[in-house]
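Observations on the model geometry
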Amino acid sequence: MPASKPKSLLLYDLAIFSIMMVLAGCGLIYEYLLSHYAGRVLGSVESAIYAIIGIMIVSMGLGAFAARLVKNPFSGFAWLELIVALLGSSAVLIIALLFAFSTRLPQILSETFALPPDLLLDGGLMQFSEQVAAISPYLMAALLGFLIGMEIPLMARVRQALYSQHLTHNTGSIYGMDYLGAGIGAALWVGLMLTMEISYAAALTASANLIMGLLFLFIFRQHIASRLPLLLAHGLTALLVLSIALFGDQWNAQMEEMLYRDKVVYRLNTHHQRLTITERHIGANQPAVLTFYINGRTQFASNDEHLYHALLTAPALAASARQERILIIGGGDGLALRDVLRWQPQHVTLLDLDPTLVRLFSAPLIIQGKQVNQRLLAMNHNAFADPRVTVQFGDAFLNVDDLIQQQRTFDSIIVDLPDPSHPDLNKLYSSRFYHKLNLLLAGDGAMVVQSTSPYHARKTFLSIGKTIKHAGFKHVQAYHHNIPSFGEWGWHIASKEGSSAKRRLQQLKQLPIDDGWSSRAALLATFEFGRYFFDDLEQIKINRLGSMQAYQYHQQDWQQEQGVYHLNKGRSYP
């Protein structure tokens, strides 16, 4: 293009910079979308997110190098955006399909060859399909990153070709628009798309890619050969993207159901997590079993949650001198709150991160004229409607500071948080956090902490107890029990002054309330462990703020547990 037409060049620059800004936003959304979904299906949110982002950045660098192999930057860029839209819209569904297939494969083989129901299929083809599914998010990230990395070098060549001369600040100008667009993409993801159904979010982002590709094709059509095939390919891809936008949620839901043992009846993305509820019918005269998952991890099942919540609440409340003012940290499902209210407290304060989760368990949710959470409200006895209950939302690590500044004290503190499975939760298992709770607990009160599985995550369990002790509590004792939904589980109970919690329970003739399960003898039995369980307690490290020790132990424990299951090696404990 002759350099003597500055007005035309200005219009071209406006188009180029606008296209790059939009595509940069799309690229960042793809990055977040893939990392978010990878964390959901792989079950290790933070490590998956960081790995996906790292892989995409490296792949973008490789794509930038590969862009020099494209002879015609105009045609190359037009085809590139088409491929990005195609892969970006379908990546999530491809990953979901691979995970669903690997999960369903043993059942397919068992039914095909009429294998005995107690025969466990493992290794060989099953292991290979699981490995392919596990690496699929990273492969998709690498492919998308490679393609996205080609965009800036190709567009820089396009702009230079238009000017027919070397441009001193060419790449820098394009990178500037790229960074601005990425910022807008990040804002859109956090403010709008994080709670969207992920297939719809992918289709929406791919639509922007397609539109920008068509705009580029129209503006620079005289530089692009084979325009008709490009237009036809855009049309076919647009149909695919539209199908994903309309039906992707349904397709994804069908494949997601294969990942769970039971039928998925409700699922929701909040700003903080993925909520899933499944249903299993066990008999004509019995209510269906509901199981609640957060980010794919079991939180409770309706047929045995009373065991978990009785063990979570009863020991601490029974060991406290009074039950007037209670603090619950976590427990947004209201089930621990339900059990606490049986003790007739004067006031209960509950701290939870996620308002959407609490709304699911506190107010009728009507979808297409039907209330979908009626059983959930019945399970917690509409506990959140009790006027004695105050709910505060936000990060508990910071919210407890407000309670300390208000000079609040509580007769019992119940900590019902998810396991320290990622860095954000690690701080809520730190000595700093437990020290804050020490300041809030009455001298003759008791605190209980959900402490993961002493069988599957032994080091994590021991570290939590040791960390609580380091925070200044006089007595810290461990107890455990089997919960059918997720196996052997454990808790720690702590007191500041006077006798230990176990000693206080021993002094009771019977429990003050009847929750339908707990008894003095049953609770005391939970304090017993195998004779060698605490032998190497001295070698277990305290989880200080910033050390990530609980998170690291949790990662190691569960990885080792998976290794024990598949490879039959490693030490097991009672």
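Residues numbered from 1 in each chain as written. Predicted model: local features only at pLDDT ≥ 70, side-chain atom pairs only at ≥ 80, totals over all residues. Heavy atoms only, no water.

Considerations on the overall build of the protein
The condition is simple: Here a strand is any run of E in DSSP of at least two residues, a helix any run of H or I of at least four, and the numbering for each starts at the N terminus. Each residue is placed in one exposure class: buried if its accessible area under a 1.4 Å probe, protein chains only, is under 20% of its type's maximum, exposed if it is over 50%, and partly exposed if it falls in between. Should any heavy atoms of two residues lie within 4.5 Å, those residues are considered in contact. We get accessible surface area from the Shrake-Rupley algorithm with a probe of 1.4 Å; when it comes to residues, only the shown protein chains can shield them. His is not counted, nor are the chain ends, whereas Lys and Arg count as positive and Asp and Glu as negative. Positions of charges follow a simple convention, taking NZ of Lys, CZ of Arg, CG of Asp or CD of Glu.
Helices and strands together make up the secondary structure of the protein, namely 19 helices and 13 strands. Projected onto the principal axes, the alpha-carbon positions of the protein cover approximately 95 × 65 × 55 Å. Residue burial in the protein is summarised as follows: out of 574 residues, 52% are buried. Taking all contacts inside the protein whose residues are at least 6 apart in sequence as the whole, residues at least 24 apart take part in 71%. Accessible area of the protein: about 26000 Å², with a carbon and sulfur share of 60%. Taking the average place of the 44 positive charges on the side chains of the protein and the average place of its 42 negative ones, the gap between the two points comes to 4 Å.

Here we look at the sheet that holds strand S13 (residues 487-495)
Strand-to-strand pairing in sheets goes through backbone hydrogen bonds, with the strands running parallel or antiparallel. The condition is simple: The rule for pairing is simple: two strands pair if DSSP sees at least two bridges between them. Where helices are involved, their axes are fitted lines through C-alpha atoms of the stretch in contact, as for all axes, and angles between N-to-C directions lie from 0 to 180°.
Read across the sheet, 7 strands follow the order S9-S6-S5-S10-S11-S13-S12 without closing on themselves; strand pairing throughout is mixed. Only two strands of the sheet have a single partner each, and these edge strands are strand S9 (389-393) and strand S12 (475-483). Averaged over all pairs of adjacent strands, the angle between strand axes in this sheet comes to 15 degrees, irrespective of strand direction. Sitting on the sheet, helix H9 (residues 305-319) touches strand S5 (325-330), strand S10 (410-416), strand S11 (441-450), S12 and S13, and the angle it makes with S10 is about 155 degrees. In the packing of helix H15 (residues 431-440) onto the sheet, the strands contacted are S5, S10 and S11, and the crossing angle to S11 comes to about 145 degrees.

Let's talk about a nonpolar patch on the surface
This is how the line gets drawn: To count toward a patch, a residue needs a relative accessible area above 30% and no salt bridge. Like charges then connect within 9 Å, nonpolar side chains (Val, Leu, Ile, Met, Phe, Trp, Tyr) within 5 Å. When a carboxyl oxygen of Asp or Glu is within 4 Å of a side-chain nitrogen of Lys or Arg, the pair counts as a salt bridge.
On the surface, Val-58, Leu-62, Phe-65 and Phe-146 cluster together into a nonpolar patch covering about 400 Å² of accessible area. Mapping Phe-146 onto the fold places it in helix H4 (residues 124-149).

Regarding unusual backbone geometry
What is expected of a backbone is that most residues other than glycine have negative phi and most peptide bonds are trans. The backbone phi angle of Ser-226 is positive, close to 55 degrees, even though this residue is not glycine. In this fold, Ser-226 is placed in the loop between helix H7 (198-219) and helix H8 (227-257).

Focus on the pattern of salt bridges
Within the structure shown, the criterion is met by 15 salt bridges. Notably, a salt bridge pairs Arg-325 with Glu-324, separated by 3.7 Å at the nearest N-O pair. Classification of Arg-325 as partly exposed rests on a relative accessible area of 31%. Of the charged contacts in the structure, one is a salt bridge between Asp-536 and Arg-458, with a shortest N-O distance of 2.5 Å.

Considering the packing of aromatic side chains
Note the cut-off: Each aromatic pair joins two rings of Phe, Tyr and Trp (for Trp, the six-membered one) with centres within 6.5 Å, and gets the label stacked for planes under 30 degrees apart, edge-to-face for over 60, and tilted for any other angle. Only when the NZ of Lys or the CZ of Arg is both within 6 Å of the ring centre and within 35 degrees of the ring normal is a charge said to sit over the ring.
Summed over all chains, the structure comprises 22 aromatic pairs. Ring centres of Tyr-32 and Trp-189 lie 6.4 Å apart, and the angle between their planes is 50 degrees; this geometry places the pair in the tilted category. Of this pair, Tyr-32 sits in helix H1 (residues 6-42) while Trp-189 sits in helix H6 (residues 170-193); the two residues are 157 residues apart in sequence, bridging distant segments of the chain. Using a relative accessible area of 24% as the deciding quantity, one classes Tyr-32 as partly exposed. Here the aromatic rings of Phe-292 and Phe-361 are separated by 5.2 Å at their centres, their planes lie at 75 degrees, and the arrangement is edge-to-face. Placement of the pair is Phe-292 in strand S3 (residues 289-294) and Phe-361 in the loop between helix H11 (355-360) and strand S7 (366-367), with a sequence separation of 69 residues. Ring-pair connections join several aromatic residues into one group, and the members of that group are Tyr-308, Tyr-479, Phe-486, Trp-489, Trp-491 and Phe-527. The ring of Phe-218 carries the charged tip of Arg-221 above its face, separated from the ring centre by 4.6 Å. Over the ring of Phe-533 we find Arg-458, and its NZ or CZ is 5.3 Å from the ring centre.

Re the pairing of S3
Counting buried positions over the 6 residues of S3 gives 6, a clear majority of the element. Here S3 shows a buried face lined by Val-289, Thr-291 and Tyr-293 and a second buried face lined by Leu-290, Phe-292 and Ile-294. Note that strand S2 (residues 274-280) and S3 share 6 bridges and pair antiparallel. Each residue of the ladder has a partner; that of Thr-276, found in S3, is Tyr-293. Relative to strand S4 (residues 297-301), S3 is paired through 4 bridges, and the arrangement is antiparallel. Residue pairing for S4: Phe-292 is matched across the bridge by Phe-300. Linking S3 back to S4 in an antiparallel pair, the connection comprises 2 residues, with Asn-295 at a positive phi of about 50 degrees.

Observations regarding the packing of helix H13 (residues 396-405) against H15
Selection criterion: Angle categories: roughly parallel below 35 degrees, roughly antiparallel above 145, roughly perpendicular from 65 to 115, and oblique for all the rest. Handedness of a crossing is defined here by the sense of rotation of the near helix relative to the far one, left-handed for an anticlockwise turn of less than a right angle and right-handed for a clockwise turn. For this classification, the nonpolar set comprises Ala, Val, Leu, Ile, Met, Phe, Trp, Tyr, Cys and Pro, the charged set comprises Asp, Glu, Lys and Arg, and every other residue, Gly included, is treated as polar.
Between H13 and H15, the least distance of the axes is 10 Å, while the angle of their chain directions is 30 degrees. Viewed along their axes, H13 and H15 adopt a mutual orientation that is roughly parallel. The handedness of the crossing between H13 and H15 comes out as left-handed. Contact with H13, carried on its side by Ala-396, Phe-397, Val-400, Asp-401, Leu-403 and Ile-404, involves Arg-432, Phe-433, Lys-436, Leu-437, Leu-439 and Leu-440 of H15 and no other residues of that element. The residue makeup of the contact of H13 with H15, split by class, is 9 nonpolar, no polar and 3 charged.

Things to note about the sheet that holds strand S1 (residues 263-269)
Strand order in the open sheet formed by 4 strands is S1-S2-S3-S4, with antiparallel pairing between adjacent strands. Unpaired on one side and paired on the other, S1 and S4 mark the two borders of the sheet. Neighbour-to-neighbour, the strand axes of this sheet turn through a mean angle of 20 degrees, independent of strand direction. Looking at chain direction, S1 and S2 are connected through 6 bridges and run antiparallel. Looking at S2, one finds that Val-264 is bridged to Thr-278. The strands that H8 touches are S1 and S2; relative to S1, the one it contacts most, it runs at about 125 degrees.

As for the nonpolar core
Filter applied, for reference: Residues belong to one nonpolar core when they are buried, are Ala, Val, Leu, Ile, Met, Phe, Trp, Tyr or Cys, and are joined through side-chain atoms within 4.5 Å.
Core analysis: the biggest nonpolar cluster contains 73 residues, and Leu-34, Phe-77, Met-155, Leu-162, Phe-216 and Phe-220 have the highest contact counts within it. Of all the secondary-structure elements, those providing two or more residues to this core are H1, helix H2 (45-66), helix H3 (73-113), H4, helix H5 (151-163), H6, H7 and H8. Discounting residues that sit within four places of it in the chain, Met-155 has contacts with Ile-16, Ile-19, Met-20, Phe-77, Ile-174 and Phe-216. Judged by nonpolar contacts, the second largest core, of 50 residues, contains Leu-317, Phe-361, Leu-376 and Phe-486.

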